Amino acid sequence: MCGFNVFFAAAACEAAGVQNGGCVISDLWCNLVKWVVANQVGLLLLAICVAVSIPLSIIISVVIRTVLKAMLKRSKKDENKITASLNKPILFAGIFSGFVYGLRMISLPIGFMAFIHRAYYVVMVCTVAWALLRVLSVMKLLLQEIAKKTENVYDDLLVSLVYPVLKAVVWVLAIFFVAENVFNFKVTTLIAGAGVAAMAVAFAAQNTIANIFGALALISDRPFTIGDMISFNGKRGSVVAIGLRSTTLRTLDGTVWCVPNKEVAEASIENISKRPNIKWSFAVDLVYETTPEQIRLAKKLVEEVLLANPLTDPEKNAPAVWFSEYAQSSLRITAINWFQTTDWGEFCAQREIIQLQILEKLAEAKLELAFNTQTVHLING
């Protein structure tokens, strides 16, 4: 067998040479052939290790998937999608491990094997990070599907905010593991450097970070949701969208405002849509010639109109009408009514109906409305 190997190596070397007055042999090719012949048993074992690692990886993948399915069924998760995301990382890790183990059967330089071991550690750490990221991406999709089924927009915002943070954490931990165990860097030094870099980034992007923290404050407090009519800092409109950087409002005239979350989170927000009803106060001014009996009649007419309105609930909030003051140019009757609705359009329509009905009844009773007047007396000197 040894003689055959030597003969095969010599023949290969001679085939690689060029006849030019002598035997000039390609040293590189010759050395490669000799190395292959000398390590043919190790190479065969390497091939066997790789071949065995493929079904073994499949078996390990099936076992892990079975265990995870049994665990995840208790929490009613979509175990098929989560476990399927681990197939490729497990198969890759198993085959690569078989390849590296098979390299030990071959006669290789010590320095090269040390490099292989370090590379193996780096690849395995990256493979674990890859598997975690695949699981996180699947869980993100599942949580997004759950969040879409709820009316609360903060669930979608929370998913989109947490996923990139977890993704960054996975990669940072992977880098720290590799740096400490492969390149012998001190993690504390890396953390200190990362802290300085983070401070520089935070200083440069302080407004963006403030808006993200504003989004977190909105998620935790939940002062409003999509479709709510809100008012703050002189701005009034319905909420169209809530993002990581800004909140979008649409005013009653159709204008769209994109307000930074920092401003929204720091403001005193009035959520108009959360009130149980809409309060409306108004005044009816009668001329000074109106008699007390006519004042009482006017009060009665206003109260009858308010009680007859379908949005008035006298049991919950009865309307209030009273003769309030002697104004500068009129005798004033003040009224307050609570409309049992939060729809602004419906409120405006019923308010118009009430005002027209009051005007009609006052005209039928021949009660004269007052207006601001001013009398100027000229005295001749």
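Computed from a predicted model, the values in this text were never measured in an experiment. (Residues numbered from 1 in each chain as written. Predicted model: local features only at pLDDT ≥ 70, side-chain atom pairs only at ≥ 80, totals over all residues. Heavy atoms only, no water.)

1. Brief notes about the sheet that holds strand β3 (residues 229-232)
Read from one edge to the other, the open sheet built from 5 strands follows the order β6-β5-β4-β3-β7, with strand pairing classed as antiparallel. Edge positions in the sheet fall to β6 (256-260) and β7 (270-271), since each of these pairs with one other strand and no more. As paired strands, strand β5 (residues 246-250) and β6 are joined by 5 bridges and run antiparallel to one another. Each residue of the ladder has a partner; that of Ser-246, found in β6, is Pro-260. (Pairing = 2+ DSSP bridges. Helix = DSSP H or I, 4+ residues; strand = E, 2+ residues; numbered from the N terminus.)

2. Side note on the pattern of salt bridges
Tallied over the entire structure, the rule returns 5 salt bridges. Glu-266 is the salt-bridge partner of Lys-262, the closest N and O atoms lying 3.5 Å from each other. Of the two residues, Lys-262 and Glu-266 both sit in helix α10 (residues 261-266), 4 residues apart, roughly one turn of that helix. Residue Asp-285 pairs with Arg-332 through a salt bridge whose shortest N-O separation is 2.8 Å. On the criterion of sequence distance, the pair formed by Asp-285 in strand β8 (residues 278-286) and Arg-332 in strand β10 (residues 331-339) is long-range, its members being 47 residues apart. It is possible to trace a salt-bridge network through shared partners that takes in Asp-285, Glu-325 and Arg-332. (Salt bridge = Lys/Arg side-chain N within 4 Å of Asp/Glu carboxyl O.)

3. A closer look at the sheet that holds β10
Reading across the sheet, the 3 strands line up as β8-β10-β9 and stay open at both edges, with antiparallel pairing between neighbours. The sheet is open, and its two borders are formed by β8 and β9 (320-326), each paired with just one other strand. The average undirected angle you get between the axes of adjacent strands in this sheet is 25°. Relative to β10, β8 runs antiparallel, the two sharing 9 bridges. Opposite Lys-279, over in β10, you have Trp-338 as the bridge partner. (Axes fitted to C-alpha atoms, helices over the stretch in contact; angles between N-to-C directions.)

4. Quick word on the environment of Thr-290
Here Thr-290 shows up in the loop between β8 and α11 (292-308). Distance from Thr-290 to Glu-368, taken between C-alpha atoms, is 7.8 Å for residues 78 residues apart in sequence. With residues near it in sequence (within four places) discarded, Thr-290 still touches Ile-295 and Leu-331. Reaching out from Thr-290, the side chain makes a polar contact with the backbone oxygen of Val-287 at a distance of 2.8 Å. (Contact = heavy atoms within 4.5 Å. Polar contact = N/O pair within 3.5 Å; in protein donor to acceptor, adjacent residues only side chain to side chain.)

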